[in-house]
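# Topology and contacts: notes
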Amino acid sequence: MKDGFLTSFVNVSRVQPIGSLDEYGVILDGWLTVLSQLGFHARHLSINGNLTSWRRRQVEGITLRFRHLDRTLGDIVLLWNAERPGRMAVDLGSGLERLAWARTQEPWHQLIYGSFAGTAPPTTLDAIRTATLLLGHGITPAARGAGGITRRVIGAIDRDVARLGVGALLRDVYGYWSLFGILRVPWPGIARAIEEEMRL
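My aim in this report is to walk through the structure given alongside it, one point at a time. Keep in mind the model is a prediction, meaning the values are calculated, not measured.

Put simply, helix α6 (residues 167-178) and helix α7 (residues 187-199) touch, their axes get as near as 10 Å, and they point 130° apart. Taken together, the axes of α6 and α7 are oblique relative to one another. Here α6 and α7 pass one another in a crossing that is right-handed. Seen from α6, the contacting residues are L170, R171 and Y174; seen from α7, they are W187, I190, A191 and I194. Partitioning the contact of α6 with α7 into residue classes produces 6 nonpolar, no polar and 1 charged.

We now examine the pattern of salt bridges. Any two side chains of opposite charge can pair if their charged atoms end up close together. For the structure on display, the rule yields 4 salt bridges. Where R55 meets E60, a salt bridge forms, and the shortest distance between an N and an O atom there is 3.8 Å. R55 sits in the exposed class, given a relative accessible area of 53%. Overall, the relative accessible area of 17% leaves E60 in the buried class.

How each quantity is defined
Residues numbered from 1 in each chain as written. Predicted model: local features only at pLDDT ≥ 70, side-chain atom pairs only at ≥ 80, totals over all residues. Heavy atoms only, no water. Axes fitted to C-alpha atoms, helices over the stretch in contact; angles between N-to-C directions. Helix = DSSP H or I, 4+ residues; strand = E, 2+ residues; numbered from the N terminus. Parallel < 35°, antiparallel > 145°, perpendicular 65-115°, else oblique. Left-handed = near helix turned anticlockwise from the far one by under 90°. Contact = heavy atoms within 4.5 Å. Nonpolar A, V, L, I, M, F, W, Y, C, P; charged D, E, K, R; others polar. Salt bridge = Lys/Arg side-chain N within 4 Å of Asp/Glu carboxyl O. Buried < 20%, exposed > 50% of the residue type's maximum accessible area, 1.4 Å probe, protein only.

Geometry only, nothing functional implied.
The following block contains the structure:
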């Protein structure tokens, strides 16, 4: 996975219907104001994209990406119904981790994994981070559906690296996810579920 990308992240978004292109401009201007308040200087921000519209089934749109220096922060999409172009919406999005990365200029893995960066392959660190979120919300491993995703994520953990357990990293990322909502399963239960799944 490239720097700036994760399997799970904290989404920062604004999705709403709009009545005119002026509203789209106002929303974009408001977002630039937010970025400025977060410490992103306007002279380092750029917006680029292709004004040729794309189409997916009954929806058409234009996607513009915003960057700070050399890092893409997210995008803003203007959407409309292909048969009724007056029905428009805006979808503006970024990730909290990506914003922190661009703002602090820290190395990506150091920012995300802290003292655990470099202790295991990034794929394993990312999988433990994501499995903690899924299991913490009660999505247990299964053959199909959401549980199938949990099983696939746990399957990406390097068994040799995790031979002594996953508790230390899990407690760290559990604390991170707990900042954004209450996890239903305590961390020891998550560690046990990961370790039992890995034994299969």
